[in-house]
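Close look at the chain arrangement
Okay, here's what each chain looks like letter by letter:
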Amino acid sequence: MTQGSKGLAKAKEVYEDRSRRAKELKAEGRKIIGYPCIYVPLEMMTALDLVPYRIYGDMREPITEADRGLQTAFCAIMRSCLDLGLKGKYDFLDGFVAAHSCDPQEKAVRVWASLIEHPYTHFLDVPGTLQAGSWEYFKGQLTALKKTLESFTGKIITQTRLREAIEAHNLQRALVRELYDLRKPDPPLISGAETLQVIKALTSIPVEEGNELLRQVITEVKKRKNGPQKKPARLLVWGNTMDDIAHVETIEGDEANIVMDDHCGGSRAYRTDVELTEDLLDGLTDYYLVKLIPPRTFRVAVLGETKKDWAADLESRFGYIGEYIKGWDVNGVIMQLVRYCDPHGFEQPAIKDYFDSLGIPNTYLEHDYSEGALAPLRTRVQGFLEVIGPKA
Amino acid sequence: MYFAGVDIGSTMTKIVVMDGAGNICSRIVGPTGPEHRRLANEVLTQALEQANLSFGQIDYVVATGYGRVNVPFADRQITELTCHARGVASLFPTVRTAIDIGGQDAKGLKIKDGKLLDFVMNDKCAAGTGRFLEVLADTLGLELDDLGGISLESTKKVPISSTCTIFAQQEVIARISEGLPLEDIVAGLHNALAGRVARMVQRLRVEPDVVLTGGVAKNIGVVKAMKENLGYKILVPPDPLLTGAIGAAILGKEITSKAMAEGVPIERKERHLEEVTFFK
Ligand code: SF4
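Conventions used here
Residues numbered from 1 in each chain as written. Chains lettered and ligands numbered in written order. Predicted model: local features only at pLDDT ≥ 70, side-chain atom pairs only at ≥ 80, totals over all residues. Heavy atoms only, no water. Pairing = 2+ DSSP bridges. Helix = DSSP H or I, 4+ residues; strand = E, 2+ residues; numbered from the N terminus. Contact = heavy atoms within 4.5 Å. Axes fitted to C-alpha atoms, helices over the stretch in contact; angles between N-to-C directions. Buried < 20%, exposed > 50% of the residue type's maximum accessible area, 1.4 Å probe, protein only. Right-handed = clockwise from strand over helix to strand, strands pointing away. Near = heavy atom within 4 Å. Nonpolar A, V, L, I, M, F, W, Y, C, P; charged D, E, K, R; others polar. Expected span 1.5 Å × (residues − 1). Arc of directions from axis to C-beta. Domains from an automatic or database assignment. Buried area = accessible area lost by both parts, 1.4 Å probe. Salt bridge = Lys/Arg side-chain N within 4 Å of Asp/Glu carboxyl O. Polar contact = N/O pair within 3.5 Å; in protein donor to acceptor, adjacent residues only side chain to side chain.

With that out of the way, let us pick up the sheet that holds strand β7 (residues 106-112) of chain B. Residues and elements named next belong to chain B. Spatially, five strands are ordered β8-β7-β6-β9-β10 in an open sheet, and the strand pairing comes out mixed. Because the sheet does not close on itself, it has two edges, and the strands there are β8 (115-122) and β10 (234-235). Where strand β6 (residues 97-101) meets strand β9 (residues 210-213), four bridges bridge the pair, whose relative direction is parallel. Bridge pairing links Ile99 to Leu212 in β9. The sheet contacts of helix α7 (residues 182-201) involve β6, β7 and β8, and relative to β7 the element is tilted by about 45 degrees.

It is worth spelling out the pairing of strand β6 (residues 256-262) of chain A at this point. Successive side chains on a regular strand alternate, one facing one side of the sheet and the next facing the other. In terms of burial, β6(A) is a largely internal element, seven of the seven residues being buried. This β-α-β element, strand β5 (residues 233-239) of chain A to helix α10 (residues 245-252) of chain A to β6(A), shows right-handed connectivity.

Okay, the site of the ligand next. Residue and element names in this part refer to chain A. The local shell around the ligand consists of Cys75, Ile77, Met78, Cys102, Pro104, Gln105, Asn240, Cys341, Pro343 and His344. Residue assignment for the shell around the ligand shows that the elements contributing at least two residues are α4 (76-86), α5 (103-115) and α13 (342-358). A breakdown of the residues in the shell around the ligand according to their chemical character gives seven nonpolar, three polar and no charged.

Attention now moves to helix α2 (residues 40-51) of chain B. Residue and element names in this part refer to chain B. Here α2 is twelve residues long and its end C-alpha atoms lie 17 Å apart, about the 16 Å a rise of 1.5 Å per residue gives. Turning to α2, its buried residues number three or more, namely Ala40, Asn41, Val43, Leu44, Ala47, Leu48 and Ala51. Each buried residue of α2 sits inside an arc of 160 degrees when the element is viewed along its axis, so together they form one side. A positive phi of about 60 degrees marks Asn52, the residue just after α2.

All names here are of chain B. On domain assignment, one finds that chain B holds domain 1 (2-83 + 242-276) and domain 2 (94-235). Computed from C-alpha coordinates alone, the two centres of domain 1 and domain 2 are separated by 29 Å. Contacts between the two partners involve six residues from domain 1 and, on the opposite side, eight residues from domain 2. Interface area, domain 1 with domain 2, both sides summed: about 630 Å², of which 65% is carbon and sulfur. On the domain 1 side of the contact with domain 2, Thr11, Glu80 and Leu81 bury the most area, a combined 70% of that side's loss. The interface formed by domain 1 and domain 2 includes zero salt bridges. Inspection of the domain 1/domain 2 interface yields zero residue pairs in polar contact (both at pLDDT 80 or more). Counting residues per element, the side of domain 1 that touches domain 2 draws most heavily on helix α3 (residues 80-91), which supplies three residues. A class-by-class count of the residues in the side of domain 1 that touches domain 2 yields one nonpolar, four polar and one charged.

Below, the structure is given as structure tokens:
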């Protein structure tokens, strides 16, 4: 990292050379643990001084090697992750923890584990529904993860260390929310592309360093004069993972600011906090099973209720996005999905109904996970912006 | 006053010059090709000659289509989605669904009161576009323009199970070797194409009137198959390739009239009829 670079400049540096800090820390003797999705409880790793490092795909790298393990009509993000793994781009990892966020992810990481040797791997099962028994089962899963992490490191996760780790990660969540609040003014004080850069940086460095970075970014952004321009549209993007700023810039262009997001590479992991319960595993169970809201978990308005009240159901599942739309003064929603994502694909018609019920203009864009897919995406986004017209 | 709509599609370039009353003074349709993409200025020059006009007499130029960014002399770029919707609605004011099947893409537009409400687009896979028919006409040794007429002779269309261009090609070869009648195979291909596009457009909840545009709309066999797949009568404009360019010219005219009515200067670029330079 360049000496002295701070705030947004530092976030950009980390974004552009993600693994650099992890490799430095590894050289100092720290162990780096990869994780592909937001269902992995980073708090436990932090409590053991492990460095969690998010595994992303790369839409700029053509997928060639992954064909050995995964079929082509398959979540392209996971295919790309495996491809990079097989090309040695994640060789510095000491291990990884994956979660059953969806079937493609489970399959991809099992193939990964069978083709790439790591000293440590753990797979966390996450129930797909919230019903009697889910909670206890998932707490058991967290207990099992704790054990394998402890035996890998030869250390015990003490209550004190776990509490400190949860506090550090909660602080990160609060700081990210504070950063997102800076997108409420018109024009927003920070662009969608810059925000993505920050989030991706956070998932590449230890939590304390991330929190320091966030403090610097927030201070800088609050008083900057060179922020984004006012543009005709204020958009919210919903979908699976956005992980490349070119993708965000394709949507923003000259006509739109992305002011809020709900996807796995954005606000989702920071929306709420882990409660500091007496048995800390209870708070973690509750957070990762109940409070995280990606579409992979089936939810009904009232637990156990089977009566169908579509409007109430939509409100209970997506009400928080309605709050985003109001709070961030959004005038258009783009639902964007990288192809072959079943969890989000199944959710999309329902969430569209929800946006329609709010009367908020929306469009659905499905695309490939490649740089070349961005130009045609531009036409669709522009077409949508022409349909909604400038913000009143 | 005069307005130009320049629609640079992936396969064809279309230009319409329109006067203040909405009459079309000239129209040009020619292949886009790598050279033409650079030379949109030359195509416009031809259109101007046809209309007996000079570039200075054109009050507003709107560029649209896949290559809209390659028109340095355009005052504004508007997507083909909006331009097609406007163009189709000017020809068929009661249109609610427009389907445009071009050389390398297909789109469905939902329109109400002349305005675009929603759209779907396939710009990825050749199946469901004109390219599908081009490849298969070639496989069958037929001229693209003859496919429509031939298919009308069919009494029993051959089901083509795959809508992937490459697999359809293999399937067609297998059917030929089985000795099935050519017209039935061609009718089967039209049905495969129309079915694929219809399924995409159904996402918009198709309502009549339905208008079909783009080069493929010239194929009577596809129009018929589209009708069978959607269950609605299909309207086709006399010049189905031109709707985007017509829409672009109309939008240019509307932008100009609005600015004049509001008494604000027309936002226009300092422009010259020049070729795009990024290839150099
Ligand atoms: S949720 Fe979707 S994008 Fe994420 S891993 Fe699963 S299939 Fe891929």
